[in-house]
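# Coordinate analysis (summary)
Here is how the chains run, residue by residue.
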Amino acid sequence: MRLRRLVVAVHRDVGYFFAGLTVLYAVSGVAVNHMADWNPSYRLQKTRHEVGLVADGTAAEQGREVARRLGIEAEPMSAVRVGPGLLKVFFEDRTLTVSLPGGELEDERRARRYFLYEVNFLHLNKGKGWWTWFADVYAIGLAALALTGLFIIPGRKGLSGRGKWLVAAGLLAPLLYLVLSR
Amino acid sequence: MRRVLSLLVVTIIMVLPALAGEANKKYGAGVTLDSAVGISELLAAPDKFIGKRVRVDGVVTAVCAKRGCWMMLTDPDREQGIRIKVEDGVIVFPLEAMGRKASAEGVFEVVNPAGEKHGDAEHAKQAEGEQASGGYSCAEQEKAAKKASATYQIAGTGAILY
């Protein structure tokens with residue numbers, strides 16, 4: 001009985017502590033699961049334009065001229081010729097890929113997806129550092145939640161009752177997938 | 001309750017800097033070699049460098065949009081670029097790196113034209129298009145990239161964005 005009280009206490013407090021992060025990771029999990037269909041962290045928008053013949057000059061000069069013709073007021077961060085007849089002009093949040101000398105270009109704008117960028121940053125551990133250790137603690141906490149959860153309810157609705165069948169059913173899904181995907 | 005709130009505030013304060021600026025940020029093991037090899041030098045005599053650890057400097061002209069698992073580093077004076085491929089998830093290059101100066105280090109290697117060495121044909125195809133065309137991923141240029149006899153890349157172990 002004392003052991004069950006301990007199990008309940010651990011489950012309750014670890015659950016409270018990690019509840020927020022679990023919801024964030026769940027949101028990110030769904031977002032990155034479908035990475036093949038969309039970019040979960042950035043919103044990318046591509047448009048095509050023609051700005052007319054671009055005169056010879058340095059990459060920086062040509063970049064500024066193209067930006068001016070497009071009505072972009074910001075100064076390019078950099079401009080680089082990346083191959084014969086191809087110029088890339090970089091801004092903080094957009095990139096122009098210009099075909100020279102014709103002036104046909106692709107304008108790619110990018111913006112971080114509000115909220116999703118941050119949760120994916122955490123979930124995919126892009127920042128590394130101490131977050132790696134915190135995420136390890138979180139993983140151990142999840143395991144503790146799962147294991148203590150098994151023993152909270154005694155009797156017919158507990159692990160010895162229908163609980164064991166639900167645990168088996170939950171394990172069956174990944175096993176079945178592994179067998180079928182071979 | 002106060003303790004929990006304090007912990008939350010501390011966590012947020014510690015996470016925010018990581019989300020903020022990317023200036024002079026080290027990725028992976030960073031850069032340990034003092035001198036860089038020119039990208040055009042690598043591509044002109046690849047056999048001389050294959051299997052060797054090299055450092056290259058340049059401007060980031062493309063980044064893997066979905067996973068950040070590669071970036072194209074271009075020598076702005078020679079109009080040539082090389083792909084820096086890193087292990088998925090181990091190093092993640094941000095899209096904000098585009099247009100920034102960077103140094104990268106790793107082992108110079110050759111990949112087959114289909115670029116399937118790392119088992120990610122989609123990424124390799126995109127990157128080969130970037131390497132052949134300098135970043136202009138239209139269908140014809142991707143086809144041209146596929147016909148290329150060999151593609152080179154650096155298996156990156158680290159980088160610094162300036």
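Please read all numbers here as calculations on a predicted model, not as lab measurements.

Residues and elements named next belong to chain A. Secondary-structure assignment places Leu-70 in helix α2 (residues 59-70). We classify Leu-70 as partly exposed; it has 15 C-beta atoms within 10 Å. Residues Leu-70 and His-49 lie 21 residues apart in sequence; the distance between their C-alpha atoms is 8.5 Å. Among all residues touching Leu-70, those that are not within four sequence positions of it are His-49 and Val-51.

Residues and elements named next belong to chain B. Counting residues in hydrophobic clusters, the biggest one holds 46 residues, and the most contacted among them are Val-60, Val-63, Met-71, Leu-73, Ile-84 and Ala-97. Of the residues forming this core, the biggest block, five residues, is contributed by strand β2 (residues 53-63). Apart from residues no more than four positions distant in its own chain, Ile-84 is found in contact with Trp-70, Met-71, Leu-73, Ala-104, Gly-106, Ile-154, Gly-156 and Ala-159.

Hydrogen bonds between backbone groups are what pair the strands of a sheet, and the pairing can be parallel or antiparallel. Residue and element names in this part refer to chain A. If you walk across this open sheet you meet the five strands as β1-β5-β4-β3-β2, and the pairing is antiparallel. Either end of the sheet is taken by a strand with one partner, and the two such strands are β1 (42-50) and β2 (78-83). Within this sheet the neighbouring strands show an average axis-to-axis angle of 20°, counted without direction. Alignment of strand β3 (residues 86-90) against strand β4 (residues 94-99), held across five bridges, turns out to be antiparallel. When the sheet's bridge partners are listed, Val-89 is paired in β4 with Leu-96.

Further remarks concern the interface of chain B and chain A. Counting from both sides, the interface comprises 19 residues of chain B and, opposite them, 23 residues of chain A. Residue assignment for the side of chain B that touches chain A shows that the elements contributing at least two residues are α1 (2-19) and β2 of chain B. Residue composition of the side of chain B that touches chain A, grouped by class: nine nonpolar, eight polar and two charged.

All right, on to the packing of helix α1 (residues 2-33) of chain A against helix α3 (residues 116-123) of chain A then. Residues and elements named next belong to chain A. For the pair α1 and α3, interaxial distance at closest approach is 9 Å and the crossing angle is 95°. Judged by the inter-axis angle, α1 sits roughly perpendicular to α3. Seen from α1, the contacting residues are Leu-24, Tyr-25, Val-27, Ser-28, Gly-29, Ala-31 and Val-32; seen from α3, they are Leu-116, Val-119, Asn-120, Leu-122 and His-123. Residues belonging to the contact of α1 with α3 are distributed by class as follows: eight nonpolar, four polar and no charged.

Residues and elements named next belong to chain A. Here the bond from Leu-100 into Pro-101 is cis, since omega is 0°, no more than 30 degrees from zero. Looking at where Pro-101 falls in the secondary structure, it is placed in the loop between β4 and β5 (104-112). Not every positive phi belongs to a glycine, and Phe-115 is a case in point at roughly 75°. Structurally, Phe-115 is set in the loop between β5 and α3. With a phi angle near 55°, Lys-128 is a residue other than glycine that sits in the positive phi range. Its place among the elements puts Lys-128 in the loop between α3 and α4 (130-150).

This brings us to the environment of Ala-104 of chain B. Residue and element names in this part refer to chain B. In this structure, Ala-104 sits in strand β5 (residues 101-111). Between the C-alpha atom of Ala-104 and that of Leu-33, which follows or precedes it by 71 residues, the distance is 9.6 Å. When residues no more than four places from it in sequence are discounted, the contact partners of Ala-104 are Val-56, Leu-73, Ile-84, Ile-154, Gly-156 and Ala-159.

All names here are of chain A. Here α1 crosses α4 at 135°, and the two axes come no closer than 9 Å. By the angle between their directions, the pair α1 and α4 is classed as oblique. Our pair here, α1 against α4, has a crossing hand that is left-handed. Along the contact surface, α1 presents Val-7, Val-10, His-11, Val-14, Gly-15, Phe-18 and Leu-21, while α4 presents Tyr-138, Gly-141, Ala-144, Leu-145, Thr-148 and Gly-149. Along the lines of polarity and charge, the residues of the contact of α1 with α4 split into eight nonpolar, five polar and no charged.

What counts as what
- Residues numbered from 1 in each chain as written.
- Chains lettered and ligands numbered in written order.
- Predicted model: local features only at pLDDT ≥ 70, side-chain atom pairs only at ≥ 80, totals over all residues.
- Helix = DSSP H or I, 4+ residues; strand = E, 2+ residues; numbered from the N terminus.
- Buried ≥ 20, exposed ≤ 12 C-beta atoms within 10 Å, placed from the backbone.
- Contact = placed C-beta atoms within 7 Å.
- Core = buried A, V, L, I, M, F, W, Y, C linked by C-beta atoms within 7 Å.
- Pairing = 2+ DSSP bridges.
- Axes fitted to C-alpha atoms, helices over the stretch in contact; angles between N-to-C directions.
- Nonpolar A, V, L, I, M, F, W, Y, C, P; charged D, E, K, R; others polar.
- Parallel < 35°, antiparallel > 145°, perpendicular 65-115°, else oblique.
- Left-handed = near helix turned anticlockwise from the far one by under 90°.

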